[in-house]
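Observations on the three-dimensional arrangement
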Protein chains: 4
Amino acid sequence: MKKLIIIVLLLGSTVVLTYSQKKIVNLPDLPGYVTLKCDFHLHTVFSDGNIWPTMRIAEAYRNGLDAISITDHIEYSPKKDYIPIDHNAAWKITQNAAKEANLILVHGAEITRDMPPGHFNALFINDASALVKDSVIDVVEEAIRQGAFIQWNHPGWNAQQPDGIPRMYDIHYKLIEKGWLHGIEFFNDSEYYPLVLTFCRKYNLAVMGNSDNHWVISEDYQQPENTNRPMTLVFAKERTHDSLKEAMFAGRTLVYFKDMLAGKEEYAKPFFYQCISVGKVFHQSDNNIYFEVTNKSDIPFYLVNGAAPAPEYITLAANSVTRIVVSKKVTSPLLYDVRNVLTGENEVLKVELKY
Amino acid sequence: MKKLIIIVLLLGSTVVLTYSQKKIVNLPDLPGYVTLKCDFHLHTVFSDGNIWPTMRIAEAYRNGLDAISITDHIEYSPKKDYIPIDHNAAWKITQNAAKEANLILVHGAEITRDMPPGHFNALFINDASALVKDSVIDVVEEAIRQGAFIQWNHPGWNAQQPDGIPRMYDIHYKLIEKGWLHGIEFFNDSEYYPLVLTFCRKYNLAVMGNSDNHWVISEDYQQPENTNRPMTLVFAKERTHDSLKEAMFAGRTLVYFKDMLAGKEEYAKPFFYQCISVGKVFHQSDNNIYFEVTNKSDIPFYLVNGAAPAPEYITLAANSVTRIVVSKKVTSPLLYDVRNVLTGENEVLKVELKY
Amino acid sequence: MKKLIIIVLLLGSTVVLTYSQKKIVNLPDLPGYVTLKCDFHLHTVFSDGNIWPTMRIAEAYRNGLDAISITDHIEYSPKKDYIPIDHNAAWKITQNAAKEANLILVHGAEITRDMPPGHFNALFINDASALVKDSVIDVVEEAIRQGAFIQWNHPGWNAQQPDGIPRMYDIHYKLIEKGWLHGIEFFNDSEYYPLVLTFCRKYNLAVMGNSDNHWVISEDYQQPENTNRPMTLVFAKERTHDSLKEAMFAGRTLVYFKDMLAGKEEYAKPFFYQCISVGKVFHQSDNNIYFEVTNKSDIPFYLVNGAAPAPEYITLAANSVTRIVVSKKVTSPLLYDVRNVLTGENEVLKVELKY
Amino acid sequence: MKKLIIIVLLLGSTVVLTYSQKKIVNLPDLPGYVTLKCDFHLHTVFSDGNIWPTMRIAEAYRNGLDAISITDHIEYSPKKDYIPIDHNAAWKITQNAAKEANLILVHGAEITRDMPPGHFNALFINDASALVKDSVIDVVEEAIRQGAFIQWNHPGWNAQQPDGIPRMYDIHYKLIEKGWLHGIEFFNDSEYYPLVLTFCRKYNLAVMGNSDNHWVISEDYQQPENTNRPMTLVFAKERTHDSLKEAMFAGRTLVYFKDMLAGKEEYAKPFFYQCISVGKVFHQSDNNIYFEVTNKSDIPFYLVNGAAPAPEYITLAANSVTRIVVSKKVTSPLLYDVRNVLTGENEVLKVELKY
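Remember, predicted model here, so these are calculated numbers, not experimental data.

As for the overall build of chain A
What chain A contains, in helices and strands, is nine helices and 21 strands. Judged by the C-alpha coordinates and their principal axes, chain A covers about 75 × 65 × 35 Å. A burial count over chain A gives 48% of its 355 residues as buried. Considering only contacts in chain A between residues 6 or more positions apart, those separated by 24 or more positions represent 62%.

Let's talk about the pairing of strand β6 (residues 119-123) of chain B
Residue and element names in this part refer to chain B. Most of β6 is tucked away: five of the five residues are buried. Burial along β6 is two-sided: H119, N121 and L123 facing one way and F120 and A122 facing the other are all buried. Examined bridge by bridge, strand β5 (residues 104-112) and β6 share five bridges and lie antiparallel to one another. For T112, the partnering residue across the bridge sits in β6 and is H119. Hairpin connection of β5 to β6: six residues between the antiparallel strands, including G118 at a positive phi of 85°. Where β6 meets strand β7 (residues 149-152), four bridges bridge the pair, whose relative direction is antiparallel. Of the residues in β7, the one forming a bridge with F120 is W152.

Observations regarding the domain arrangement of chain A
Residues and elements named next belong to chain A. As far as domains go, chain A holds domain 1 (22-258) and domain 2 (276-353). Averaged C-alpha coordinates put domain 1 and domain 2 at centres separated by 35 Å. Residue-level contacts link 11 residues of domain 1 with eight residues of domain 2. The biggest single contributor to the side of domain 1 that touches domain 2 is helix α6 (residues 195-203), with four residues. Tallied by class, residues from the side of domain 1 that touches domain 2 come to seven nonpolar, three polar and one charged.

With respect to the confidence of the model for chain A
Do not read the fine detail of predicted coordinates wherever pLDDT is low. Across chain A, the average pLDDT comes to 92, with 93% of residues at or above 70. A low-confidence stretch, residues 1-19 of chain A (pLDDT under 50), is modelled with 49 contacts involving residues beyond four sequence positions or located in other chains.

Notes on the packing of helix α2 (residues 53-63) of chain B against helix α3 (residues 89-100) of chain B
Residues and elements named next belong to chain B. In contact at an axis separation of 8 Å, α2 and α3 are set at 35° when each is read in the N-to-C sense. The handedness of the crossing between α2 and α3 comes out as right-handed. Along its contact with α2, which presents P53, T54, R56 and I57, the element α3 presents A90, I93, T94, A97 and A98. Residue composition of the contact of α2 with α3, by class: six nonpolar, two polar and one charged.

Looking at the pairing of strand β8 (residues 183-188) of chain D
Residues and elements named next belong to chain D. Most of β8 sits out of view: six of its six residues are buried. As judged from the two bridges shared by strand β7 (residues 149-152) and β8, these two strands associate in the parallel manner. Among the inter-strand pairings, W152 is bridged to a residue of β8, identified as I184. As defined by bridge partners, β8 adjoins strand β10 (residues 206-210) across five bridges and the pair is classed as parallel. Across the sheet, G183 pairs through a bridge with A206, a residue of β10. Pairing geometry for β8 and strand β9 (residues 191-192), over two bridges, is antiparallel. Its bridge partner lying in β9, N188 is registered against E191.

Let's talk about unusual backbone geometry
Cis geometry is adopted by the peptide bond preceding A:P117, which originates at A:P116 and carries an omega value of 5°. Following the sequence through the fold, A:P117 ends up in the loop between β5 (104-112) and β6 (119-123). B:P116 follows B:M115 through a cis peptide bond whose omega is -15°. Checked against the element boundaries, B:P116 lands in the loop between β5 and β6.

Regarding the environment of D:I104
Position of D:I104 relative to the elements: it lies in strand β5 (residues 104-112). Apart from residues lying up to four places away in sequence, D:I104 is in contact with D:D66, D:A67, D:H241 and D:L244.

Some thoughts on the environment of A:N96
By the secondary structure assignment, A:N96 is in helix α3 (residues 89-100). Taking C-alpha positions, A:N96 is 9.5 Å from A:T54, a pair spaced 42 residues apart along the chain.

Considerations on helix α2 (residues 53-63) of chain A
All names here are of chain A. Burial runs high along α2: eight of the 11 residues are buried. Within α2, the full set of buried residues consists of P53, M55, R56, I57, E59, A60, Y61 and N63. In the core, the buried residues of α2 are packed alongside β2 (21-23), β3 (34-39), β4 (67-70), α3 and α7 (217-220). Immediately beyond the C-terminal end of α2, within one or two residues, lies G64, with a positive phi of roughly 80°.

Description of helix α6 (residues 195-203) of chain C
Residue and element names in this part refer to chain C. Buried within α6 we find V196, L197, F199 and C200. For α6, the arc enclosing every buried residue in end-on projection is 160°, short of the 170-degree limit, so these residues lie on one face. Just past α6, the residue N204 takes up positive phi, approximately 60°.

Section: the environment of B:D170
All names here are of chain B. Counting through the fold element by element, D170 comes out in helix α5 (residues 170-178). Since 9 C-beta atoms lie within 10 Å of it, D170 is described here as exposed. Along the chain, D170 and P116 lie 54 residues apart, while their C-alpha atoms are 8.5 Å from each other.

Criteria and cut-off values
- Residues numbered from 1 in each chain as written.
- Chains lettered and ligands numbered in written order.
- Predicted model: local features only at pLDDT ≥ 70, side-chain atom pairs only at ≥ 80, totals over all residues.
- Helix = DSSP H or I, 4+ residues; strand = E, 2+ residues; numbered from the N terminus.
- Buried ≥ 20, exposed ≤ 12 C-beta atoms within 10 Å, placed from the backbone.
- Contact = placed C-beta atoms within 7 Å.
- Pairing = 2+ DSSP bridges.
- Domains from an automatic or database assignment.
- Nonpolar A, V, L, I, M, F, W, Y, C, P; charged D, E, K, R; others polar.
- pLDDT = per-residue confidence, 0-100.
- Axes fitted to C-alpha atoms, helices over the stretch in contact; angles between N-to-C directions.
- Left-handed = near helix turned anticlockwise from the far one by under 90°.
- Arc of directions from axis to C-beta.

Below, the structure is given as structure tokens:
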């Protein structure tokens, strides 16, 4: 009779965690694509953030991300009395750390203006210093010249839209017309803007979701339950910088945070079916049929509006198996609305459980 | 700008968890076999346990097990003033619940004698009441007549072996000689007995691990970290009662608890390699090579005794990716002892990381 | 440089937790009274519960309660094929364990009838077997003869009131008239019935809150955050069985669950002020005054409806200190509604923060 | 029957946590003194730390500390390519935030030299820039001139003492002789050096314990269990900067981390008795006496070496009540060693439980 303490000892006394370890974020690939988990909106001490840039790499590694962009403000430098302005500093400091962490690092910056037009992230640039210009149109033009993907940030932020409703102004239409706007944030930190789904569908833009973190990810999102931060899921042909860029310009994204998934139905529908698998009937009683649905993803799915006598509600908990009991009186397909998968401002994904 | 509270609402107000949900225990299959997660030692109010038998089914479902056996004591009935003795009661009460829970239920009972020979579980029996006899040999004979797999329980239990060391007595040799002993518990609750690996190897018996729970599994094992209970992993041809039985008589098992895995090397080695996958080199610096090892199982692996200049220690955390940095001066294979995978009384599994 | 592992060892290897330990539930006494934390509604295998009675004692000890009553159903015995009916069994089995656990054990039983009148707990009885009678009035009369406190259970339970609204029928008025009804459950498990506050005020009855647990407390309430179960707080002159009984008949109770407290204002108001203490101003800036409020209780308080320029909302987190910043322009008292302390069907507690 | 969701709503939808909240660290005062919880060793981006100085204030507030010192390295500035050297920067940046957070801020810096003499923190200085000098003796002299308390940091750090054993060199004796050394770190991050207790006793120095944090406190100490960081407990006459300083020069300290407390017996003994209270005997059986010990502190106490027939081990869990059962055969006092309270290199605190 030996107590298990010996094994605990083993962990504590001799094995030292000298190598970084990362969480596996359980989100499936789509057929033909790899799903890249990305956060394209992060700050550091080089603007109004509060941590050193390499911490963003370490956080992203531990969080299981594939790509990030550090996007310090161009026009807002509250720490400049202590830290001289260098818009490319975070990029220079993190490049090597990103390579060592197997992370795709996207060179970015945040163009920071009053509404309209509000804030934009320029992603995939090569020199943030060139974005210092008076006219915001000139700044966007320069970013485009560098090959940038332009993302409109938090369009309903209440500091710029007190009622929280995103609005498109003349300048936004102009940017769209020129092909100078490529995505809009649906998730920014813990906020979301349903209207963004309408804008993105109408103007064929990528739906984006990011943390916009200024502090520490683990304090803002991961306690007490190790929640994932808000992220953009990009469906890329390969796990490379260029493939990521191609996919974003093509608008192949979904966004994810807590228990909400949002984006275009053409991606949301196959994504849902990749997350779940319906098992065979394992038992029949006089009145009922029993089967299980496995949800191997980190996202729970709340199925609602089932037609009686089928179950009205089914919750497919994350990383779990859910047992379904269906009356033998059910003859029609098991159709449900997935209440936490938004495919439009007022639309949710519709699915069928085939057993 | 809408707060995510809307989604929280969704969870709380309208979606009711009317269907049972089970945890996915992340342990791989072996080539040609399915890994059945089993607990063959459980008590209820029908002997000295403290819960009703159907709770054992509900617990096993939620814990993600494939098979259990409720094994109330034949010779010990401390609640008999309130509950009349019926050695088959738990079996009768749970049969239907087990079917509805997709669980393989093994009819069992615990033969409860002083040492020698100690306690034995008779598994795969059909009538526990027939095991009420004076002579323990007669009881085992009757169990064998019913087709039982005989498991020697907690051979080093300090109530029966004050020094915690399992010992084989004449009666054990006699049982082995007759083919009337098929497995021995290495894990019982939070104890383990390394010597059992020697006995099992020598006499070709199955290595067993069980909870022997008398209370509530979630209170005894799952707090605060949702730890798995001790379990026997049985490598069966199919997920059926008969296939389980065949595999146990064939000795195809490993045992698992907390961060320890134990059993015969012929199963432990392929099991380890099914748990992990070594990724391609993703980065090279002047001096080092970088690659990642993914451990998709719930078991962390503590790799020790690496030969310099290779890393001396590597911990492959459970359900995580571990980044390995190896000096370019390393020319020999990356050989390690896996300190928490026991293949013998004083032996641990030896593995190689091929990148 | 020694690693702290030595201390971890200490915990694991040699110190065995052989003595029971209980949580301290942080809820203050009222001036002149001790606050007894009680659960007067619990089931075991002797009716439709699923655990053995002594587990109710162990749970209550660990949960930091002062008093419990096991109240198995008189008229509902679904396990009678295996367990012969004995309405006093749980009482007999737990008496000694309660003494050893420093718990006040109240002899009780649940009178289990269709609505009207629904279910009643008879508390402080001496023989539950005498409550087996056809007429529910006769049963209550017998309980009263034994000195019982009669509690109306879950008056809005949707199995008996599909719309969830408690209703008083002729029989309830009759019982009140005779002085045969003494309390009503406001909390039952995770449900609550605001109307009960109106009934209790009008007829001068005790507001009650209980778990009505049939399974395992730790699984139903304490995960993942070690939440307290629903409980009745009784303000007794001393921590004794008789003092508890006196206080209940006098109606000196509040009820508590999660972040909600409810009951009569005469108890809720002093209870709130015993929970918190307002510190001195520790800092003044040009525009603001800074002070702290300490909440030493397990209950957070949500203060709302502050009058500008005072803060509109203040959350006094449980077991925490909250820093308050108030504009120097504030001249009137800091008056708030405590949104989670209910003193009436549509009333919440009103308080002032005096700094 | 209303679901509790309404209250959850309340929390989520309308009450915003606009005011900072801090944890209550449960550690008692000593008679005549207030216990100030302090961390005198912290880094920021102004040397080799990775966060902005105001985050140290926010962390300390949330952690329930009374005083901190930010002690960036004088001689080590790895971020100087991006952040110009300013040894007083963190002090200037945090002064106002500290006032608003009710925190005592101690102006400090870390003198960073090879061993001997190793690293020293100069605390209670007024100009860190004046500490830039070639000779370490000159630096200490300047610090002393500013009124500094000199703390020898991590004397057994294995980068400077490969065997982990602290050693005093000529320069240390010289500093002590001049009265220029006032305290030594026993705890530094997760390490501790028992020999420091011998040094401090012999030369009448303060025992110190600090985090030496370079990253984020919550990631390094508070997950998953909200553990307190390493801290120095200073027994001051009042909660003021000057009173703190007086107490430190007088050596009135203990150090605390995880489940270990260390320091001079004259403080450890009364501290222990302030943490616990022994209740009255609440039950006697034929053979045993039952009473409870309440430990209202965050520190568990492991009592060992009880003399039979008294219990050999008693664990007084943190913030809990422990039930003690003592045989009536026990006639002598209940004397114990408190294994996790170190009063000397090889000594632990000895206590008596008087019931």
